[in-house]
Amino acid sequence: MNRISKKCGLLAIALTVVGVIANLTVHAASVHAVGWQLRQASKVHGDDITVLITDLGFKWSNPQTGVTIFCQPPKWNVVAFGAKTRRYCQTPLQSFHCHAQSAIRVWAGYAFDELKLNKTGQSKANGFAVDEYGPAVSTGKSKQQEAELLYRKAGFSFAQLKSYRGFPHEKEIGLLLSRLYSLPEHPGIPCAFQFRRKPHDVLRESLTTESIAKTRKPISEFSPPRGYKRVGTFGEIMNDSAAANGVEGLMDSLGKPLYR
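Because the structure is a prediction, the values reported are computed rather than measured. (Residues numbered from 1 in each chain as written. Predicted model: local features only at pLDDT ≥ 70, side-chain atom pairs only at ≥ 80, totals over all residues. Heavy atoms only, no water.)

This paragraph deals with unusual backbone geometry. The omega angle of the peptide bond from P73 to P74 is 5°, so this bond is cis rather than trans. Mapped onto the elements, P74 comes out in the loop between β4 (67-71) and β5 (77-82). One non-glycine residue with positive phi stands out, namely D48, at about 60°. Here D48 lies in strand β2 (residues 46-54). (Helix = DSSP H or I, 4+ residues; strand = E, 2+ residues; numbered from the N terminus.)

Next up, the structure:
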């Protein structure tokens, strides 16, 4: 009986140790968000943009303007903070729009988000499927004729959007990024956008993704700062110089305005 009691006691201790280790593992995992980190450059917002995409949600950081954006399930409210102005704004995802859209329309008479693009192909990059979108092509016309027709209709002679597929929450995060970068809204995470203005214009890039890597971040990464003043619009959280530099860079990338 003593031997049996000792064996039962040792078994109980072993199970307890296993349980403690398991609980520690779960606890360690619970204080970290696992996902991907993207480095992007945008003519709308600037270079060195960091995008975190995890099961816990989304974080977008722009060191040039000092703006950070959080968007998380289940409510998917977009909360943007301006570190330089100590202001923040909040809006439902479906109501969010980028401050640069009006500037593009005033300057050029159009906006990227108004472009009608169709899926033209699919490739693979960094372990993800990449959907490719471009303007609709009519049969019976040469590429030159198509480019001229598209330019007369939309102010562009060529446009191509690329989007990653396979990320968590890609429907909501893809919509937010499309609106943040003022791009056409299509499934997936926008990773590249390039265009030509006139049929013989240079190829211009509005969005590029410079790197993508798996990452493990503490959940404190998704903790918003405190003590900021709430304002009504995204544009108000930026200081005047940051907003002006962003619009100026965007206008330079677009070229001369299109008068219609």
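Let us now look at the side chain of E170. With respect to the secondary-structure elements, E170 resides in helix α4 (residues 170-180). The class of E170 is buried, set by a relative accessible area of 14%. A polar atom in the side chain of E170 sits 2.7 Å from the side chain of R165. For E170, the side chain forms a polar contact with the main-chain nitrogen of F167, separated by 3.2 Å. Apart from the residues within four sequence positions on either side, E170 is in contact with Y164, R165, L175, G188 and I189. (Buried < 20%, exposed > 50% of the residue type's maximum accessible area, 1.4 Å probe, protein only. Polar contact = N/O pair within 3.5 Å; in protein donor to acceptor, adjacent residues only side chain to side chain. Contact = heavy atoms within 4.5 Å.)

Let us now look at α4. Among the eleven residues in α4, nine count as buried, and that is most of the element. By the burial criterion, the buried members of α4 are E170, I173, G174, L175, L176, L177, S178, R179 and L180. Just downstream of α4, S182 is the residue with a positive phi angle, here 55°.

Counting across every chain of the model gives six salt bridges. Note that K59 and E221 form a salt bridge whose closest N and O atoms lie 2.8 Å from each other. In this pair, K59 is assigned in strand β3 (residues 57-62) and E221 in the loop between β11 (204-218) and β12 (229-230), connecting sequence segments 162 residues apart. By relative accessible area, which is 13% here, K59 ends up buried. With a shortest N-O distance of 3.3 Å, D131 and K119 are connected by a salt bridge. Taken together, the residues span a long stretch of sequence, with D131 in strand β8 (residues 128-135) and K119 in strand β7 (residues 117-125) at a distance of twelve residues. Given the relative accessible area of 1%, D131 is considered buried. Connected through shared salt-bridge partners, K119, D131, R165 and E170 make up one network. (Salt bridge = Lys/Arg side-chain N within 4 Å of Asp/Glu carboxyl O.)

F58, W60, I69, F193 and F234 are the most contacted members of the largest nonpolar core, which totals 45 residues. Residue contributions to this core peak at five residues, all from α4. Contacts of F58, omitting those with residues within four sequence positions, involve V51, L52, I53, I69, F70, C71, Q72, I173, L176, L177 and F222. (Core = buried A, V, L, I, M, F, W, Y, C linked by side-chain atoms within 4.5 Å.)

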